[in-house]
Amino acid sequence: MSRTLRYLVTGREGQVVQSLLEQGRRPQHAHLELIAMGRPDLDLMDPDSLHRAVETVAPDLVISAAAYTAVDQAEGDEGTAHRVKALGPQALGQAAARLKIPVVHLSTDYVFDGDKQTPYEESDPVGPVSAYGRTKLAGEQLLLEVLPNAVILRTAWVYSPFGKNFAKTMLRLAETHDRLGVVADQVGNPTSALDIAEGILTVAGNLVGSSDPSLCGVFHMTGRGEASWAQFAEEILRVSAVHDGPTAEVGPLTTADYPTPARRPANSRLNNAALQAAHGVELPQWQASTQHVIERLVKNRAYL
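What counts and what doesn't
Residues numbered from 1 in each chain as written. Predicted model: local features only at pLDDT ≥ 70, side-chain atom pairs only at ≥ 80, totals over all residues. Heavy atoms only, no water. Helix = DSSP H or I, 4+ residues; strand = E, 2+ residues; numbered from the N terminus. Rg over C-alpha atoms; globule rule 2.2 N^0.38 Å. Buried < 20%, exposed > 50% of the residue type's maximum accessible area, 1.4 Å probe, protein only. Contact = heavy atoms within 4.5 Å. Areas by Shrake-Rupley, 256 points an atom, 1.4 Å probe, with all protein chains shown as cover. Lys, Arg positive; Asp, Glu negative; His and termini not counted. Charge placed at Lys NZ, Arg CZ, Asp CG, Glu CD. Pairing = 2+ DSSP bridges. Axes fitted to C-alpha atoms, helices over the stretch in contact; angles between N-to-C directions. Left-handed = near helix turned anticlockwise from the far one by under 90°. Nonpolar A, V, L, I, M, F, W, Y, C, P; charged D, E, K, R; others polar. Parallel < 35°, antiparallel > 145°, perpendicular 65-115°, else oblique. Salt bridge = Lys/Arg side-chain N within 4 Å of Asp/Glu carboxyl O.

Caption draft 1: Examining the overall build of the chain more closely. When helices and strands are counted, the chain shows 10 helices and 12 strands. Its C-alpha atoms give the chain a radius of gyration of 19 Å, near enough to 19 Å, the size a compact globule of 304 residues would have. The 304 residues of the chain split such that 53% are buried. Sequence-distant contacts, at least 24 apart, represent 84% of the contacts inside the chain between residues at least 6 apart. Carbon and sulfur atoms make up 49% of the accessible area of the chain, which totals about 13,300 Å². Each charge sign in the chain was given a centre, from 27 positive and 35 negative side chains, and these centres are 5 Å apart.

Caption draft 2: Just the sheet that holds strand β2 (residues 32–37), in detail. Read from one edge to the other, the open sheet built from 6 strands follows the order β2-β1-β3-β4-β5-β10, with strand pairing classed as parallel. Looking at which strands have only one partner, the edges of the open sheet turn out to be β2 and β10 (217–220). Each strand of the sheet is rotated relative to its neighbour by a mean of 25°, with strand direction disregarded. Relative to strand β4 (residues 103–108), strand β3 (residues 61–64) runs parallel, the two sharing 3 bridges. Residue pairing for β4: I63 is matched across the bridge by V104. Across the face of the sheet, helix α4 (residues 78–99) comes into contact with β1 (5–10), β3 and β4 while running at roughly 165° to β4. Sheet strands touched by helix α5 (residues 131–146): β4, β5 (151–155) and β10. Its angle to β4, the strand with the most contacts, is close to 160°.

Caption draft 3: View of the packing of helix α2 (residues 47–57) against α4. Closest axis-to-axis distance for the α2/α4 pair is 9 Å, and the angle between their directions is 35°. As α2 packs across α4, the resulting crossing turns out to be right-handed. In this structure, α2 contributes P47, L50, H51, V54 and E55 to the contact, and α4 contributes G88, A91, L92, Q94, A95, A96, R98 and L99. Here the residues of the contact of α2 with α4 are counted per class, giving 8 nonpolar, 3 polar and 2 charged.

Caption draft 4: Main features of the packing of helix α6 (residues 166–174) against helix α10 (residues 286–300). In the contact formed by α6 and α10, the axes pass within 11 Å of each other and the chain directions differ by 45°. Between α6 and α10, the interaxial angle falls into the category oblique. As α6 runs across α10, the sense of the crossing is right-handed. Side by side, α6 and α10 meet where A167, K168 and L171 of the first sit next to I294, L297 and V298 of the second. Its residues assigned to classes, the contact of α6 with α10 comprises 5 nonpolar, no polar and 1 charged.

Caption draft 5: Summary view of unusual backbone geometry. A cis geometry characterises the amide bond from R39 onward to P40, with omega recorded as 0°. Mapping P40 onto the fold places it in the loop between β2 and α2. Even without being a glycine, K100 presents a positive backbone phi close to 60°. Position of K100 relative to the elements: it lies in the loop between α4 and β4. Notably, D244 is not glycine yet its phi reads approximately 60°, a positive angle. Note on D244: relative accessible area 74%, which makes it exposed.

Caption draft 6: Focus on the pattern of salt bridges. With the rule as written, the count across this model stands at 17 salt bridges. Between D46 and R52 there is a salt bridge whose closest N-O contact spans 4.0 Å. You can call D46 partly exposed: its relative accessible area is 28%.

In structure tokens, the structure reads:
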């Protein structure tokens, strides 16, 4: 029988953390012990707490999934965003390096400017156009500087049965609106946090006990297929209607119609071929995962 592997997960309430804890209870992961830690025991603003948490848990691997998702707020407080999303991963990497264990760290499509006409590959030049993107990129770079055997997983357009996300917002608004205006000129890969969690656990299993450098570095991990926000909303509401949930007509908006403090990439599509080649991970088609999540949300009215 294989020994139990202990993974320290940063954060407690985020979509990916909650999805990791749920997926970790599935029978195929019976050999895993996932320990989720958040503030005050593990605080990304406090490097000392990160070192203490890693040393106390003494895990086989760290999953850096704690989320600072306030994209627009970061524009007005880039200093705090940098401490959380750049210096936090750096401190985690330093703590993991002491124990000679790997870190799997979640990053974002926001490290790119969004101007490319095709899906971004890991080798494409980065060029974040927001404070959120700049600080996430700094986190990638600082982590890899102190821990070369880390894995960075860039993902995008995350939704799930947990927390706050686009899918829940569409369902909630459809309860009281017949028509919803949704941006149609930004395109990306809708990605279920449940799929992200399963992908992370596969990558983590590949890393533990391996010294293969091809498993490390930066990879993209998103749902298969692409959509605009408006198309994503249409699918969410179509599935909801099938299950007697709220629905509404979707009216396309332009980015200019819906200004935000932080600029969003027009193209958030990520190419996932490198992850499949190195780790054997390919997430499901986004429509299939959307159907699963929306059916669950509508059945439990968990979007209110």
